[in-house]
Amino acid sequence: MTKYYLTSFLFSFIVFSIELNAETKNKIFESHEHCIAYTTPEKIIFFEKHFVIGKNCNLEVKSIKIENLYRFEVSIPVIDFASGIDARDDSVRDIFKYEEFPKIEFVSKWYSHYDIDNYLKIGKGEIKGLLYFSGKKLPILLNVFIEKVKKDFLIKGNFETDYNFFDISPPSFGILGKVLNFLDINFILQSVKIKDFDEHFK
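Calculation notes
Residues numbered from 1 in each chain as written. Predicted model: local features only at pLDDT ≥ 70, side-chain atom pairs only at ≥ 80, totals over all residues. Heavy atoms only, no water. Helix = DSSP H or I, 4+ residues; strand = E, 2+ residues; numbered from the N terminus. Buried < 20%, exposed > 50% of the residue type's maximum accessible area, 1.4 Å probe, protein only. Pairing = 2+ DSSP bridges. Phe/Tyr/Trp six-rings, centres within 6.5 Å; stacked < 30°, edge-to-face > 60°. Core = buried A, V, L, I, M, F, W, Y, C linked by side-chain atoms within 4.5 Å. Contact = heavy atoms within 4.5 Å. Disulfide = S-S within 2.5 Å.

### Observations regarding unusual backbone geometry
Most peptide bonds take the trans form, and the phi angle of most residues other than glycine is negative.
Next, step 1: Even without being glycine, Lys97 reaches a positive phi, approximately 50°.
Next, step 2: By secondary structure assignment, the location of Lys97 is in the loop between α3 (86–95) and β5 (103–108).

Okay, structure coming up:
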């Protein structure tokens with residue numbers, strides 16, 4: 001697997017030039033997408049450090065209401081992360097033990113209607129919750145930025161961390177290169193695609 005990963009990666013790097021500069025990084029998503037993505041730096045011997053994007057647009061997001069409180073739940077199939085290089089994607093799946101834990105899930109804390117409505121009005125907020133992956137449970141804080149688009153909302157956010165936070169090691173592909181210990185997780189959500197969002201907040 002390591003040999004195949006290294007060969008595939010080097011070939012793809014040279015032929016397709018997957019380097020991501022600062023300008024490109026702002027174009028991880030198109031405005032119509034409903035996706036999550038990770039960005040991580042890799043360093044190949046003789047080459048400049050470059051950034052790799054693994055994107056997943058097969059996520060389910062829903063709004064849950066109990067009495068006067070609300071929370072958000074997100075379900076992300078690990079197998080659907082795609083970076084453009086199959087061997088790298090296989091490595092990511094192995095790291096997250098997707099056969100045993102096929103989904104990553106996020107469950108926010110409970111918020112009042114006033115809290116969410118205020119975020120929608122001012123265009124930003126912080127969402128706290130628990131991230132479930134590979135049998136682990138971790139508290140995280142997401143910074144969200146909200147834009148009104150006609151009658152709907154475009155919700156963007158990110159979470160900067162590293163592999164240590166998840167208690168895992170960066171993917172490895174031998175002595176010729178390495179994945180650096182940094183992860184930038186970004187997401188873009190369409191409110192119209194969040195189950196029961198319109199019913200709860202319009």
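### Describing the pairing of strand β11 (residues 183–190)
Next, step 1: Taken across its eight residues, β11 has eight buried, putting it largely inside the fold.
Next, step 2: Direction of pairing for strand β9 (residues 152–161) relative to β11: antiparallel, over a ladder of eight bridges. Within β11, the position partnered with Ile155 by the bridge is Leu189.

### Here's the deal with the packing of aromatic side chains
Next, step 1: With the rule as written, the count across this model stands at 11 aromatic pairs.
Next, step 2: Judged by centre distance (6.2 Å) and plane angle (65°), the rings of Phe153 and Phe197 are edge-to-face. Taken together, the positions of Phe153 in strand β9 and Phe197 in helix α5 (residues 197–201) put the pair 44 residues apart, joining distant regions of the chain. The pair Phe153 / Phe197 is uniform in exposure class, with both members buried.

### Topic: the nonpolar core
Next, step 1: Within the largest apolar cluster, 41 residues are counted, with the highest numbers of intra-cluster contacts made by Phe96, Ile104, Ile155 and Phe166.
Next, step 2: Counting residues per element, this core draws most heavily on strand β8 (residues 136–149), which supplies five residues.
Next, step 3: Ile155 has contacts with Val144, Phe145, Ile146, Phe187, Ile188, Leu189 and Ile194, leaving out every residue within four places of it along the chain.
Next, step 4: One finds Phe29, Cys35, Leu154 and Ile188 within the second-largest nonpolar core, a separate group that totals six residues.

### Things to note about the state of the cysteines
Next, step 1: On inspection of all chains with the given rule, the structure shows one disulfide.
Next, step 2: Disulfide pairing places Cys35 opposite Cys57 at an S-S distance of 1.9 Å. Between Cys35 and Cys57, the S-S dihedral sits near 100°, and the bridge is therefore right-handed. Of the two residues, Cys35 sits in strand β1 (residues 35–44) while Cys57 sits in the loop between β2 (50–56) and β3 (60–66), which places them 22 residues apart along the sequence.

### Topic: α3
Next, step 1: For α3, the tally of buried residues reaches seven of 10 residues, placing the bulk of the element in the interior.
Next, step 2: Those residues of α3 that sit buried are Ala87, Arg88, Asp89, Ser91, Val92, Arg93 and Ile95.
Next, step 3: Positioned one or two residues after α3, Lys97 has a phi angle of 50°, which is positive.

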